[in-house]
Amino acid sequence: MVTNAASFGRSGVHDFIFIRASGIILACYTLFLVGFFACNAPMTYEAWSGLYSTIGMKVFTLIALIALLIHAWIGTWQVLTDYIKCTKLRGLLQFIFVITAFAYLAVGTITVWGV
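Note that the structure is a prediction, hence the values are computed from the model and not measured.

Draft legend 1. The arrangement of the overall build of the chain in detail. Scanning the chain from terminus to terminus reveals 4 helices and 0 strands. Written out in order from the N terminus, the α and β elements of the chain read α-α-α-α. Against the 2.2 N^0.38 benchmark of 13 Å for 115 residues, the chain shows a C-alpha radius of gyration of 17 Å, more extended than a compact globule. Taking the principal axes of its C-alpha atoms as reference, the chain extends roughly 55 × 25 × 20 Å.

Draft legend 2. Highlighting the nonpolar core. Counting 7 residues, the largest nonpolar core is built from Tyr29, Leu33, Phe36, Leu51, Tyr52, Met57 and Ala64. Secondary structure elements with two or more residues in this core: helix 1 (12-39), helix 2 (45-52) and helix 3 (55-83). When residues in this core are grouped by element, the largest group, 3 residues, is from helix 1. Those residues within four positions of Phe36 in sequence are excluded, and the remaining contacts are Met43, Ala47, Trp48 and Leu51. Grouped together as the second largest cluster of nonpolar side chains are 5 residues, Ile70, Trp73, Ile74 and Trp77 included.

Draft legend 3. Spotlight on the environment of Thr61. Take Thr61: it is sitting in helix 3. Given the relative accessible area of 11%, Thr61 is considered buried. Apart from the residues within four sequence positions on either side, Thr61 is in contact with Tyr29, Tyr52 and Val112. Within the structure, the side chain of Thr61 is placed 3.0 Å from the side chain of Tyr29, a separation counted as a polar contact.

Draft legend 4. Main features of a nonpolar patch on the surface. Residues Leu89, Leu92, Leu93, Phe95, Ile96 and Ile99 make up a contiguous nonpolar surface patch of roughly 530 Å² in combined accessible area. Relative to the assigned elements, Phe95 resides in helix 4 (residues 87-113). Accessibility expressed as a relative area gives 52% for Phe95, which makes it exposed.

Draft legend 5. The state of the cysteines, seen in detail. For the structure shown, the criterion picks out 0 disulfides. Here Cys28 is not disulfide-linked; the sulfur of Cys39 is the nearest cysteine sulfur, at 16 Å.

Draft legend 6. Main features of the packing of helix 1 against helix 3. One can describe the packing of helix 1 onto helix 3 by two numbers: an axis separation of 8 Å at closest approach and a directional angle of 140°. Compared by their axis directions, helix 1 and helix 3 come out oblique. As for the relative orientation of helix 1 and helix 3, their crossing is left-handed in sense. Contacts from Asp15, Phe18, Ile19, Ser22, Gly23, Ile25, Leu26, Cys28, Tyr29, Phe32 and Leu33 in helix 1 reach Met57, Phe60, Thr61, Ile63, Ala64, Ala67, Leu68, Ile70, His71, Ile74, Gly75 and Trp77 in helix 3. Residues of the contact of helix 1 with helix 3, tallied by class, amount to 17 nonpolar, 5 polar and 1 charged.

How each quantity is defined
- Residues numbered from 1 in each chain as written.
- Predicted model: local features only at pLDDT ≥ 70, side-chain atom pairs only at ≥ 80, totals over all residues.
- Heavy atoms only, no water.
- Helix = DSSP H or I, 4+ residues; strand = E, 2+ residues; numbered from the N terminus.
- Rg over C-alpha atoms; globule rule 2.2 N^0.38 Å.
- Core = buried A, V, L, I, M, F, W, Y, C linked by side-chain atoms within 4.5 Å.
- Buried < 20%, exposed > 50% of the residue type's maximum accessible area, 1.4 Å probe, protein only.
- Contact = heavy atoms within 4.5 Å.
- Polar contact = N/O pair within 3.5 Å; in protein donor to acceptor, adjacent residues only side chain to side chain.
- Patch = residues over 30% accessible without salt bridge, like charges linked within 9 Å, V, L, I, M, F, W, Y side chains within 5 Å.
- Areas by Shrake-Rupley, 256 points an atom, 1.4 Å probe, with all protein chains shown as cover.
- Salt bridge = Lys/Arg side-chain N within 4 Å of Asp/Glu carboxyl O.
- Disulfide = S-S within 2.5 Å.
- Axes fitted to C-alpha atoms, helices over the stretch in contact; angles between N-to-C directions.
- Parallel < 35°, antiparallel > 145°, perpendicular 65-115°, else oblique.
- Left-handed = near helix turned anticlockwise from the far one by under 90°.
- Nonpolar A, V, L, I, M, F, W, Y, C, P; charged D, E, K, R; others polar.

This is the structure:
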């Protein structure tokens, strides 16, 4: 059996499930924020700060950030695998993407938990 070490999941089925699950998490997060904005029409700093000061919102935001990175990684891997045939260039682009994604995760975590 051949396995692909560059794929996030162990197979195409796992990648399919990961990308659908991360899409659902991102949709829920987006709908929650849209609902929050709709219910708090004159958005104030106090309302925004109060929302992100709760532990539940911090955890939800961190889960959404991780889901975004998983979603982006699988999509990027699929596009690079399909369109970049040069193995060295594809490896370099994947490396750059992974470093950037970890930087986004670090900054996002520090930002959310720093409030």
